[in-house]
Amino acid sequence: MLIQARNLGLTYAPRTPLERVALREIHLDIHPGERVGVLGPTGSGKSSLVQLLAGLLRPTTGAVWLDGVPAHARSAQAAARRSRIGLAFQYPERQIFEQTVFREVAFGPRQRRLDAADVSRRVQWALESVGLDPDTVAERVPFALSGGEMRRVALAGVLALQPEVLILDEPTAGLDCRGREELLGRILDWQARTGATLVMVSHDPDSLARAVRRVVVLADGCVVADGDAPQVLSDIVRLRALGLDVPQPVAVLSALREAGWPVRVDRLLPEEAADEIWAAHACAAGAAR
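Source: prediction; values computed, not measured.

**Q** Is there a simple way to think about the sheet that holds strand S1 (residues 3-12) in this case?
**A** Sheets are built from strands that pair by backbone hydrogen bonding, the pairs being arranged parallel or antiparallel. With antiparallel pairing, four strands are arranged side by side in an open sheet as S2-S1-S4-S5. What marks the edges here is a single partner per strand, and that holds for strand S2 (20-30) and strand S5 (69-70). Inspection of the sheet shows strand S4 (residues 61-66) paired to S5 by two bridges, in the antiparallel sense. When the sheet's bridge partners are listed, Leu66 is paired in S5 with Val69.

Shown next, in the form of structure tokens:
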């Protein structure tokens, strides 16, 4: 599904003493099958943007189009387009409310009036997609699971709707390094198998480096950068000026380059950085002979 934002703006509590402009003049296209990251400092408008794209918030100015249909129109066609987008908020496990894992994951499909057999198939598929064994966890109380397992149950509830577009707002927040890697791996495996569009909001550039191919940077409610992930995430001057971190491999390579090593800094993953350092070392050793 093609998502288009044109002149998109959002103001909270307009014409009141609490008025706050969250977004202004956003122009953005997200194409089917893309993996897009949204990066920005706290208060830059990241969460507001994805809620507008999903049709949960109504813009103050401009419009969002879903495959050519106005996302916020009061029509069956617009509702059908919105239903193809799955959105998991930050800390989605805090929204769990059902008594068993099965009932939690089955809630969305049941709201769509799917038959019992189809619901069961979707629950099993969704739990397996996030790395949980349906036979082991289906009848467990969600609140008795670990924090990481609850996060995966919440994500399974979104995947059970089989969205064409999956929007994740800070999906790795609060997880340890191992938990982040495992969750990201499951998400990327799901995206590769389904060909769905993935939009991921994060303040963590290392997570985006692992997960996406394109990065949109927001600051003060505006898009200040939009491009290939290596290009955007290796722009150390811009990111640090916005108060953002850079991926750790980029920071290491930048320090080496300042020390005179002939390395490129647009290597986002640890294994890519290691290859770059080894190649530079080998080149230097060969020149010294």
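Let us keep going from here.
**Q** Got a minute to help me understand the pattern of salt bridges in this structure?
**A** Note that side chains of opposite charge can pair when their charged atoms are close. A complete count under the given rule lists 17 salt bridges for this structure. For Asp235, the salt bridge is made with Arg238, and the minimal N-O distance between the two is 3.3 Å. Within the structure, one salt-bridge network assembled from shared partners comprises Arg264, Asp266, Arg267 and Glu276.

**Q** Please explain the sheet that holds strand S7 (residues 165-169) as it appears in this structure.
**A** If you trace the six strands from one edge of the open sheet to the other, you get S6-S7-S8-S3-S9-S10, paired in mixed fashion. The open sheet has two free edges, formed respectively by strand S6 (85-88) and strand S10 (222-228), since each of these has just one partner strand. In this sheet, neighbouring strand axes are inclined to one another by 15 degrees on average, regardless of whether the strands run parallel or antiparallel. As judged from the five bridges shared by S7 and strand S8 (residues 197-202), these two strands associate in the parallel manner. Within the sheet, the bridge partner assigned to Leu166 lies in S8 and is Leu198.

Criteria and thresholds
Residues numbered from 1 in each chain as written. Predicted model: local features only at pLDDT ≥ 70, side-chain atom pairs only at ≥ 80, totals over all residues. Heavy atoms only, no water. Pairing = 2+ DSSP bridges. Helix = DSSP H or I, 4+ residues; strand = E, 2+ residues; numbered from the N terminus. Salt bridge = Lys/Arg side-chain N within 4 Å of Asp/Glu carboxyl O. Axes fitted to C-alpha atoms, helices over the stretch in contact; angles between N-to-C directions.

Everything listed is a geometric property; what it means functionally is a separate question.
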